[in-house]
Every structure is written in structure tokens, then in C-alpha cells.
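Coordinate inspection notes
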Amino acid sequence: MAESSGNIIVRFFKAVWQGLDLLRRSILNLLLLLIIIVIISAVIQGGESALPREHTALVLAPQGRVVEQYSGSPADRVMAQMSDQPVEETRLRDILRAIRLAKTDDNIERIVIVPDHMTGIGPAQLNDIAQALDDFRESGKQVFAWGNAMSQGQYMLAVQADEIWLHPEGFLLLQGFARYRNYFKEGLDKLGVDVHLFKVGTFKSAAEPWIRNDMSEPARKANQYWMGDLWSQAVTTIAQRRKLDPAALNPDLDRMIAELKKADGNFATLALNLGLVDKLATREEMRQQLKTLGAPQDDDRQETFRQVFFMDYLKAHPRLPLPGDKIGIVVAQGTITGGDQPPGTVGGESTSRLLRNARYDDDIKAVVLRVDSPGGGVFASEQIREEVVRLKEAGKPVIVSMGTVAASGGYWISMNADEIWAQPNTITGSIGIFGLLMNYPETLGKLGIHTDGVATTELAGAFRPDLPFNDKFGELVQLNIERGYRNFIGKVAEARGKTPEEIDAIAQGRVWTGSQALDRGLVDKLGSLRDAVNAAVEKAGLGEDAYQITYVEPELSDFDRFIMDLTGQGLALLGIQLPNPLADLPANRVEELRRALKLFMGPQRDPMGMYAHCLCTVD
């Protein structure tokens, strides 16, 4: 007799369930195996001490981008590693702390900078590191740098050293700063996408690529102005460190061709001839020189010099929380969006919660808000600004320390601090508002898809992107954007002790460097994160050594801590990998597109469609 359809369905779902159960048990077994591997690895590594002996060199070799905080959750980092796309990052705070510890460690004779695997660092972060290295040198110790090849950013770290060596077949070329973007108008027109930009601010150019095929003249003029100052500061730094004529450091192609011919086409020799480096040497030659200056390594690697990697050095000097007065540091890094966001992105709810935690913590006497953000949603920015005000109302001083970028929404969350500190090469300002709406009924029409229906009012359905744009609705949006801009400059004027008209004259979406912002009264002082902490200590009336620094961050669960351990050990040993469909695309373009889509179209987009955002990075 033929089997009934009901029995077939039952058997099908039973087989599916058995398959899912097998998958569940396999995953649990895999996790158990990972736990065992982590434990064994920890036991094996436990006997190795990162405490240096005499004549040791501290190796400062950042991996990936230098950031204010790790991005993503522990689970995100594990998945990235499994996809063979680890998010390689080095925290600025770790670099600075290692340098400070090494200054007073009699066993550390010198710092060796190896920038080969550093993929990015902000100009303001370089200033923080430079200050720390200058302080380190006061102990009479040397800073040395060596690299196989150096990008401009890598060289800007290496130039902080007393002596720079480059591989004889290496590469080094100063190119200056550039700012190029893709413009989408013609492509969107061909697709039938109708883009509507609403903004206030002559120089507010963040959304220009969606409505133009090229850069507007006001944006070109403004960008040249602040980028020129940024490059001038970089040239001055190199010239002072290397004792060179600043005029000789500006790239001139004709001169470069002539100089490269003299160097027989070798860029390493060119760098030596131009005075950018002190010596050309292979890695082995560098090792032997440092071994002569210091001592050979203690283990079976005696062919190299005695050294300790800075992250291993920090593990041997854990920061132990102690009772007493504290200066709390809250990091606001990344694009500002609504709701709860993981580290690396500023969340209207999550960052506000960190500021509230600092307010409720009786041990925290003052807060340093470290801002490294180009802005984002207006509403989320206002949520965070309000928490800054409440901190001050609670009697706790708030000092803002601007990192590489603190512009637009990044400035919004900074404006009410007791003091705003920026580096001379911080990118800030960009006080302006815009909104962006897209409609694509024509695009759908080309696919044979059409939208129709009824509405009770003219406004109903106005936000639907699959309907033609309503110009009257556009008037409502523009009025709201104009009010948002008046609100922005009004709040800045009140916070900075100026009139709205005075702020409007330096606003209009225009970007400034930290030095330019100081001249215009948008920041109070120029200095590093350490300088901002010292200012917070003074405002709180604490003794010079009577406080601790604590980073106010979300508490990790035991599972999160376990996952973070797996990131660096178990998964690497197992060699687990997942395919990455974006692996072959340019990383900077993928990231730029991802952030734009999340900001304008993600679930945590601004509820009023208003954005205080600045796409003001440089290549």
C-alpha cells in the first residue's frame, strides 16, 4: 500500500530534526575541543615570562590599524578570524602604556619601532605617540626604527625614532595627502534612482557623491585649505626630526625622477640620499647591531637581540583595579548611530549608558570623553550630548580629548565639555546638517514592478521609496533640516560663549584642523590624551599621584572573555576558516559603502532623517 502523504511529512521533519540535533552535538563537541586547546595552550605558555632581563629592547610593532578601542564584539572577532579575515587592530592606549612603563624599567634599554604590519594610524594618534616617546627619551634611552618597506603612515611613526634603518631593497616615498571619492549621480540616473538631498551649509559635502559627478567648488576650496594645513604640519614634523629643509620634502615628480636616476632606480637608496633614513640594512644586519648594543636573546634564538614584544610586556604588567579616586575615560569611536552599538561604533543608547555609569560611579571624579568620530545621526548625537550635560550637573568635570577626527556629530557630542582639547592635526568642525532620501519607482518599473494603492492624506506613504517623490513633502523635510542647523549652531554658540551669527560664520559644514579650530574658538587647547587627563585631574582637584585612570566600558560576560581567548589561540590552532565573498574587493571602498548604507538605511538610522556627518578622512 502506498505510504500516506502524512507519514512522508512526519518522516521528513523527523529526518530534519535528527540532522539539526547532530549539528548541535557536533558544535558542542567542537567547543569542548576548543576549550581543551585553550587550556593546553595557556599551560604551555604559562611558563614563559615576558618580564625583561637587563639589556632588553622593547619592540613596538603595531598590528593592523591603530584604534582607540577594539571594534566589534568578541563573537564578531572570532567569526572574522574563522573567515581568515581577522580584524587586526592595536589600541593606542596599549602603545602609550607600554612606552610609559618602559621609561622607568631599568631592564629596558631602548625601544625598537617596526611598523611593517601597521596598516593605518591617524595623525593625531601619531602626536600622542610622539609625546610619549619624547617623555621616554628623557630617561636617556634610545628609540630605533627599522622596516622592510614603509608607507607614508608607517614612516610617520618611524620618524619619531632617533635613528631609522631601511632594508636595501625596501621602499619609501612621501606622497602627500589626497582626498578622492566615487561620485554616483550618472550611475544612479541610469538605474532610475531619484536622489533628494536636503542640507544647510555651503561646505556640507558629505552627501555630494549621491547627487553629483564631481566635487563642488566650495568643497574643493575647503578641502584644500584644511588638507594643506595637515600636510604642512606633517612636513614640519619630518623636517624637525630629520633636520631637513621643509621645502625639499614636498614631492615634485621631475625632481623625484632625477633623484631616482641618481639612485639607480632604487627607492631605498633614494630615501637614504634624501636624508629620510640613516642607513640601509637587512633584518639580519639590524639584529646583529642591536645584539651588539644590547645582548643576545636568551632562548634558542641567540642569533637575534634580547627583546620583548610590547603586548607581551603589557601582559606581564597587568593593570589591577584598586579602590580610590579615578579619572574615567569614555571612548566614542566611529560613526554615531541610534540604539546599542558594539565597540568601534558610537551608539546613542550604548555610549550614553557609559556616561551614565561614570556619573553613578562615586569613585570617578572626572571624565575624559575621547572622541574619534566623523559624526552620524543627529538624534543619537543629541542623546550623548545630554549625558555630558548631566555629568557636569552632577559636579563631575568633563574634558573632551579629540582624536584623529571629531567633526560634525563628533563635535556635537563634544561641544558642552568643560574643556575641549585637540591635536593640531585633528580634523574637526563640519558644523552642518543634511538629510538624504532616495526613490526608485522608475528602477522597479524597468523590472516590470509597479506600486499602486490608496491613502487617506497627502502625507501618508510619503516616505515610501517605491513611490514618486512628493515635492510638498520635500518642503517639510527642508524646513526640518533648517531648524536642525539653527539648533546646532545655537547649542554651539551657547556652549562656546558666542552668538549664533559668529558660529554660523565658521560653520556651514566647513572642516578645520585642530590648529584652525583653536584660532576660531571651537576648541580650547591643543594637546594629547595625557594632557586632557591632566586637565581633568586639575578640574577635579585631585593630587598629582592620587588617582587612577579607568576606561569605562561594557562589562564582558564570562562567555565573551572565553570567546576573546579563542580568537588568539584555539581557532588559529584548528585552522578553521569560512569563505569571505568580499575578500577580493578594495577594503577601503567596501568599508566606506558599508558605513554609508548602515548610516542612511540601517535599522538604527536617524528617526528624523537628519545627519551631522563628515566624510573627511584623507588617503
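Residues numbered from 1 in each chain as written. Predicted model: local features only at pLDDT ≥ 70, side-chain atom pairs only at ≥ 80, totals over all residues. Heavy atoms only, no water.

In this section: the overall build of the chain. Across its full length, the chain holds 22 helices and 23 strands. Each of the 619 residues in the chain was classed as buried or not, and the buried ones make up 48%. In the chain, of all internal contacts separated by at least 6 residues, the share reaching a separation of at least 24 is 76%. (Helix = DSSP H or I, 4+ residues; strand = E, 2+ residues; numbered from the N terminus. Buried < 20%, exposed > 50% of the residue type's maximum accessible area, 1.4 Å probe, protein only. Contact = heavy atoms within 4.5 Å.)

Right, let's get into helix H3 (residues 92–103). The terminal C-alpha atoms of H3, which comprises twelve residues, lie 17 Å apart, in line with the 16 Å expected from a rise of 1.5 Å per residue. Most of H3 is tucked away, with nine of its twelve residues classed as buried. Looking only at H3, the buried set comprises Leu92, Arg93, Asp94, Ile95, Leu96, Arg97, Ala98, Ile99 and Ala102. (Expected span 1.5 Å × (residues − 1).)

This part is about the nonpolar core. Counting 51 residues, the largest nonpolar core has Ile433 and Leu522 as its most contacted members. A total of eight residues in this core trace back to one element, the largest contributor, which is helix H16 (residues 471–496). Ile113, Ile121, Val159 and Ala268 belong to the second largest nonpolar core, which has 46 residues in total. (Core = buried A, V, L, I, M, F, W, Y, C linked by side-chain atoms within 4.5 Å.)

Further remarks concern the environment of valine 378. Locating valine 378 in the fold gives a position in helix H13 (residues 378–393). Here valine 378 falls in the buried class, since its relative accessible area comes to 7%. As for valine 378 and isoleucine 413, which are separated by 35 residues in sequence, their C-alpha atoms are 9.9 Å apart.

Within the structure shown, the criterion is met by eleven aromatic pairs. An angle of 80° between the planes, with centres 5.5 Å apart, marks the rings of phenylalanine 177 and tryptophan 231 as edge-to-face. Taken as a pair, phenylalanine 177 in the loop between strand S7 (163–166) and helix H6 (185–191) and tryptophan 231 in helix H7 (residues 217–242) lie far apart in primary sequence, 54 residues in all. An angle of 45° between the planes, with centres 4.3 Å apart, marks the rings of tryptophan 412 and phenylalanine 488 as tilted. One end of the pair, tryptophan 412, is in helix H14 (residues 409–412); the other, phenylalanine 488, is in helix H16, with 76 residues separating them in the sequence. For the pair tryptophan 412 and phenylalanine 488, one class covers both residues: buried. Of the aromatic side chains, those joined through ring pairs into one cluster are Phe198, Phe463, Phe469 and Phe473. The ring of tyrosine 551 has arginine 93 sitting right over it, with the charged end atom 3.7 Å from the ring centre. The ring centre of tyrosine 225 lies 5.3 Å from the NZ or CZ of arginine 510, which sits over that ring. (Phe/Tyr/Trp six-rings, centres within 6.5 Å; stacked < 30°, edge-to-face > 60°. Lys NZ or Arg CZ within 6 Å of the ring centre and 35° of its normal.)

Right, let's get into unusual backbone geometry. One non-glycine residue with positive phi stands out, namely histidine 55, at about 65°. Note on placement: histidine 55 falls in the loop between helix H1 (5–46) and strand S1 (56–60). Of note, serine 408 is a non-glycine position whose phi angle comes to about 55°, a positive value.

On to the sheet that holds strand S3 (residues 89–91). In spatial order, the strands read S3-S2-S5; together these three strands make up an open sheet with parallel pairing. The open sheet has two edge strands with one neighbour each: S3 and strand S5 (118–120). Direction aside, neighbouring strands of the sheet carry axes that sit 45° apart on average. Inspection of the sheet shows strand S2 (residues 64–67) paired to S3 by three bridges, in the parallel sense. If you follow valine 66 over to S3, its bridge partner there is threonine 90. Its contacts with the sheet put H3 on S2 and S3, and the angle it makes with S3 is roughly 50°. (Pairing = 2+ DSSP bridges. Axes fitted to C-alpha atoms, helices over the stretch in contact; angles between N-to-C directions.)

Any residue range with low pLDDT should be treated as having predicted coordinates unsuitable for detailed reading. Confidence in the prediction of the chain, expressed as mean pLDDT, is 86, and 81% of residues score 70 or more. Considering only residues more than four positions removed or in separate chains, one finds that residues 38–49, a stretch of pLDDT under 50, has six contacts. Low confidence marks residues 566–590, where pLDDT is under 50. Its contacts with residues over four positions away, or in another chain, come to 41 contacts. (pLDDT = per-residue confidence, 0-100.)

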